[in-house]
Amino acid sequence: MTQTDAQAQIGSNETEEEELEGSAAPLVEHLAELRTRLIRSVLAFVVGIILMFTVAEPILNFVSQPLADVLRARGEDARLIFTAPQEKFFVLIRISIIMGFAVSFPVIAHQLWRFVAPGLYKSEKGAILPFLVASPVLFTIGAAFAHYVVTPLAMNFFIGFSDAIPALANLIAGDGTFENPDNDGELQTIFLGSVKESLDLALKFIFAFGLCFQLPVLLTLMGKAGLVSAQGLADVRKWAVVGILTLAALVTPPDVITQVILFTVVYGLYEISIQLVRWVEHSRNKRLRAEGILDEGEEL
């Protein structure tokens, strides 16, 4: 190897080392920024938990209000019990964690956006940002719908079921009436609601409906990514009906009214999603025609 070749080889090695160092530096910077964003998000979450623990009792009363209204309407004592000394404390802790995440979500979403946004094009930022705003709004609407509409119906069904069984037994026995028997000496069932169990059921409805209301966001994002199309969603509409009916049977109590309400709402969201995906496709085709990629009348 000549001296010139050796110098060229050395120069090439130095260039490769500089490129490696240059590529490693941005990675370290990204990791450092990620650590900063995560620390800020965790701190916001912890602060949210502490703040919400101070008002956890009123929140528990608010979440339990539909159950209390049902009990008062039935002429029963609107009180919940706890069966272990630590039960109510951990219920309040759970409420603090859930609500702490809710109140700190804007900070967490902002930190996530600040980390991701520099790597996105301007058009991508404009496309994603509305969904970050729409998602919590739709979740709140779904949660409110569950709290004010679905939970009272569900609680009334489940608690009233304890009256329906002895009444049905009375009818089968040949009494000819469908009234709740009040015979001395027979075992009677009454509702003594547990704080933990009642809260779990109410939260299940809130999260189930909150997630169901994310359907337009999910399908519209998939439409923007080209994973689904409006025509494709319309073609599988009958299978969507079957899936929504199955979902309604799984997440609601076995009464027809609640299931019909959930089916109507989710199916309506599905139809809205089809129109949103169609609007996304129309906007994309219009932009591609303006850029000369598609001819007039041509569609993707």
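Rules of the game
Residues numbered from 1 in each chain as written. Predicted model: local features only at pLDDT ≥ 70, side-chain atom pairs only at ≥ 80, totals over all residues. Heavy atoms only, no water. UniProt positions renumbered as here; feature names shortened; annotations may be inferred. Salt bridge = Lys/Arg side-chain N within 4 Å of Asp/Glu carboxyl O. Helix = DSSP H or I, 4+ residues; strand = E, 2+ residues; numbered from the N terminus. Phe/Tyr/Trp six-rings, centres within 6.5 Å; stacked < 30°, edge-to-face > 60°. Axes fitted to C-alpha atoms, helices over the stretch in contact; angles between N-to-C directions. Parallel < 35°, antiparallel > 145°, perpendicular 65-115°, else oblique. Left-handed = near helix turned anticlockwise from the far one by under 90°. Contact = heavy atoms within 4.5 Å. Nonpolar A, V, L, I, M, F, W, Y, C, P; charged D, E, K, R; others polar. 1 Å grid on protein atoms, 1.4 Å probe; cavity = no way out; pocket = protein on both sides within 12 Å on 5 of 7 lines; lining within 4 Å. Points joined across faces, edges and corners; volume = space filled by probe spheres on them. Core = buried A, V, L, I, M, F, W, Y, C linked by side-chain atoms within 4.5 Å. Buried < 20%, exposed > 50% of the residue type's maximum accessible area, 1.4 Å probe, protein only.

In the annotation of an unreviewed UniProt entry, the entry for the protein reads Sec-independent protein translocase protein TatC, and the organism field reads Gymnodinialimonas phycosphaerae. What UniProt states about the protein under its Sequence similarities (unreviewed entry) heading is, verbatim, "Belongs to the TatC family." Taken directly from UniProt, the Subunit (unreviewed entry) text for the protein runs: "The Tat system comprises two distinct complexes: a TatABC complex, containing multiple copies of TatA, TatB and TatC subunits, and a separate TatA complex, containing only TatA subunits. Substrates initially bind to the TatABC complex, which probably triggers association of the separate TatA complex to form the active translocon."

1. Some remarks on the pattern of salt bridges
Enumeration according to the criterion identifies six salt bridges in this entry. Across the pair E57 and K88 runs a salt bridge whose closest N-O atoms are separated by 3.0 Å. In this pair, E57 sits in helix 2 (residues 56-63) while K88 sits in helix 4 (residues 87-116), placing the two residues 31 residues apart along the sequence. Salt bridges sharing partners connect three or more residues here, namely R94, K196 and D200.

2. Let's talk about the packing of aromatic side chains
Across all of its chains, the model carries nine aromatic pairs by this definition. One aromatic cluster is present, built from ring pairs that chain together F45, F101 and F105.

3. Things to note about the packing of helix 4 against helix 6 (residues 195-212)
Between helix 4 and helix 6, the shortest axis-to-axis distance is 10 Å and the interhelical angle comes to 20 degrees. Our classification of the angle between helix 4 and helix 6 gives roughly parallel. Taken as a pair, helix 4 and helix 6 cross one another with a handedness that is left-handed. Listed contacts from helix 6 to E87, V91, R94, I95 and I98 of helix 4 are V195, K196, L199, D200, L203 and F207. Across the contact of helix 4 with helix 6, the residue classes break down as seven nonpolar, no polar and four charged.

4. Some thoughts on the layout of surface pockets
Its volume calculated, the largest pocket comes out at about 730 Å³. Lining the largest pocket are 22 residues, with M99, A102, F139, A143 and I206 positioned closest to its centre. Mapped onto the lining of the largest pocket, the elements with two or more residues apiece are helix 2, helix 4, helix 5 (122-175) and helix 6. Counting residues per element, the lining of the largest pocket draws most heavily on helix 5, at eight residues. Of the residues that constitute the lining of the largest pocket, the class distribution is 19 nonpolar, three polar and no charged.

5. Quick word on the nonpolar core
Ranked by internal contacts, the top residues of the largest apolar core, which has 40 residues, are L60, I95, L199, F209, F213, L233 and Y270. Of all the elements in the fold, those that place two or more residues in this core are helix 2, helix 4, helix 5, helix 6, helix 7 (215-224), helix 8 (230-235), helix 9 (237-251) and helix 10 (256-290). No other element matches helix 6, which puts eight residues into this core. Once you skip the residues sitting within four places of it in the chain, F213 turns out to touch L138, I141, G142, F145, V265 and L269.

6. A short note on the side chain of S41
Relative to the helices and strands, S41 resides in helix 1 (residues 3-53). The class for S41 is buried, based on a relative accessible area of 11%. Setting aside residues no more than four positions away along its own chain, S41 makes contact with I108 and Q111.

7. Side note on the side chain of S96
Checked against the element boundaries, S96 lands in helix 4. Excluding its chain neighbours within four sequence positions, the residues that come into contact with S96 are I49, M52, F53 and A56.

8. A look at the environment of F131
The residue F131 is located in helix 5 in this model. Residue F131 is classed as buried on the basis of its relative accessible area of 13%. Taking the C-alpha atoms as reference points, F131 and L218, 87 residues apart in sequence, are found 9.1 Å from one another.

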